[in-house]
Amino acid sequence: MPALLLLSAAVVLGFEKFVDWRYGAPGAIGVLLVCIGVKARSPACAGVGATVLALQVIGPGVT
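Residues numbered from 1 in each chain as written. Predicted model: local features only at pLDDT ≥ 70, side-chain atom pairs only at ≥ 80, totals over all residues. Heavy atoms only, no water.

Caption draft 1: Just the overall build of the protein chain, in detail. A tally of regular secondary structure across the protein chain gives 2 helices and 0 strands. Taken over the C-alpha atoms alone, the protein chain extends approximately 45 × 25 × 15 Å along its principal axes. When burial is assessed residue by residue, the protein chain has 14% of its 63 residues classed as buried. In the structure as shown, the protein chain presents an accessible area of about 4,800 Å², 77% of it carried by carbon and sulfur atoms. (Helix = DSSP H or I, 4+ residues; strand = E, 2+ residues; numbered from the N terminus. Buried < 20%, exposed > 50% of the residue type's maximum accessible area, 1.4 Å probe, protein only. Areas by Shrake-Rupley, 256 points an atom, 1.4 Å probe, with all protein chains shown as cover.)

Put into structure tokens, the structure is as follows:
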């Protein structure tokens, strides 16, 4: 059990670092909002985070 918990934490932190490296601070804020929304079971918070991430991903293609 602790090994699975440690592995999942490492994967989440790695993904967060990748998003921060690729999309900067707004991307990290988006991931944080999604994580908080899922943990708190708040669809509004998770939706805002997902929207921020989506705008970060499609932003360069739109302009």
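Caption draft 2: Layout of helix 1 (residues 2–39). The end-to-end C-alpha separation of helix 1 is 19 Å, well short of the 56 Å expected for 38 residues at 1.5 Å each. The largest bend in helix 1 is about 140°, located at Tyr-23, with the proline Pro-26 one to four residues further on. Just past helix 1, the residue Arg-41 takes up positive phi, approximately 55°. (Expected span 1.5 Å × (residues − 1). Bend = angle between axes of the 7 residues up to and from the residue.)

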